[in-house]
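Topology and contacts: notes
Residue strings, one per chain:
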Amino acid sequence: MIRVLAFGLATALAAGHASAQEAHLRGVTAFAEKTTYSRGFEKFIERVNAAGKGVIQITYVGGPKAMPPFEVGNALKNGVVDLANATGAFYTNLMPEADAWKLTQKPMAELRRNGGFDYMAKLYEQKMNAIFLARLVDNNPFHLYLNKKIASPDLTGLKLRITPVYRDFFQALGGTVVQTAPGEVYTALERGVVDGYGWPITGVFDLGWNERTKYRVDPGFYTAEVSILINKTAWDKLTDAQKAVLQKAAAEAEAEAVPEFTRENAADTERQQKAGIETIKFDDAGTKKYVDTAYQAGWAGVIRQSPEHGPKLRTFFSK
Ligand code: 173
């Protein structure tokens, strides 16, 4: 009897010991290290590593030097990395619906209440084997940057650098598009391979594109999305205490996104002006056509690629 008890106790201690071991996760970012769209993830890692001593620790693998941005989705899905900082446009090969985040007109807090978040979360589980932890970028409009002046929303004859974010919109206005990772934009501009590019209001200075940019078209359109994903197999192996450290850091990061980008949008708008980037504005009718086309072409693209889920997402995400 005592032997049986002793054995049981030893087993319980061993099991207790195993589950109390510090978890180690590896995280990669789809954007250059220490630039605008990696900073939120880097802060998240610092928070987790500070709060998670002895519980959970993240090793930062780095950015595009470690892994091409358009490969990050695959690596996360297959468990090559446990955590990824990426935008939906970079893994549309696995989940075309992820690009619809750009079209959200409601804050994440509301989407987490109205079912929109849960709907997307299910798609992340099914298509990416991933848990969506936090959206780190929101309230951060995209713009068209140009080196040739235009007077109306007509992009005929212009060659523009894109990702899936901008494809349907720029094509709807007559533009010719070429997809590149952010790391190739500078060279494409320098060599005149493109006449312009799509990018959010912030981050133009990170890789020196200001040196090769004459104009920004106003207003912006959509809102950028960059989020932290975790491989679901890795997630399922974590204890409640380990999950709690990630969830707390994730909730804090998501709550900070809107105020953070309100500040950064204003700062970078001013910085662009000081750097001599001129704004192009259309007349009222042109502006309306530009913005309406953005949303109309954007949703048409999402629905074309996902006839099953696109219309549903539109009802959750649109105002
Ligand atoms: O232009 C891009 O590379 C892109 O799609 C994007 C998305 C979110 C943030 C920054 C860039």
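Attention here is on the structure that accompanies the text.

Reading the values: the criteria
- Residues numbered from 1 in each chain as written.
- Predicted model: local features only at pLDDT ≥ 70, side-chain atom pairs only at ≥ 80, totals over all residues.
- Heavy atoms only, no water.
- Helix = DSSP H or I, 4+ residues; strand = E, 2+ residues; numbered from the N terminus.
- Rg over C-alpha atoms; globule rule 2.2 N^0.38 Å.
- Buried < 20%, exposed > 50% of the residue type's maximum accessible area, 1.4 Å probe, protein only.
- Contact = heavy atoms within 4.5 Å.
- 1 Å grid on protein atoms, 1.4 Å probe; cavity = no way out; pocket = protein on both sides within 12 Å on 5 of 7 lines; lining within 4 Å.
- Points joined across faces, edges and corners; volume = space filled by probe spheres on them.
- Near = heavy atom within 4 Å.
- Polar contact = N/O pair within 3.5 Å; in protein donor to acceptor, adjacent residues only side chain to side chain.
- Sits in = over half its atoms within 2 Å of the grid points.
- Nonpolar A, V, L, I, M, F, W, Y, C, P; charged D, E, K, R; others polar.

Turning our eyes to something else, we now look at the overall build of the protein. A tally of regular secondary structure across the protein gives 11 helices and 11 strands. Radius of gyration (C-alpha) of the protein: 22 Å, near the 20 Å computed for a compact globule of 319 residues. Its C-alpha atoms give the protein principal-axis dimensions of roughly 90 × 40 × 30 Å. Expressed as a percentage of the 319 residues in the protein, the buried residues total 52%. Sequence-distant contacts in the protein: of pairs separated by 6 or more residues, those separated by 24 or more amount to 77%.

On to the layout of surface pockets. Computed from the structure, the largest pocket encloses a volume of approximately 240 Å³. As for the largest pocket, its lining consists of 18 residues, of which Arg39, Gly40, Lys43, Leu136 and Glu260 are closest to the centre. Listing elements by their share of the lining of the largest pocket, those giving two or more residues are α2 (36–51), β4 (130–137) and α9 (240–274). Counting residues per element, the lining of the largest pocket draws most heavily on α2, at eight residues.

In the vicinity of the ligand lie 16 residues, with Arg161, Thr163, Val165, Tyr166 and Trp199 positioned nearest. In the model, an oxygen atom of the ligand is placed 2.8 Å from a nitrogen or oxygen of the arginine 161 side chain. Between threonine 163 and the ligand, the recorded distance is 2.8 Å, taken from a side-chain N or O atom to an oxygen atom. Judged by the fraction of its atoms near the pocket grid, the ligand is located in the largest cavity. A total of three residues in the shell around the ligand trace back to one element, the largest contributor, which is strand β8 (residues 196–200). Considered class by class, the residues forming the shell around the ligand number 11 nonpolar, three polar and two charged.

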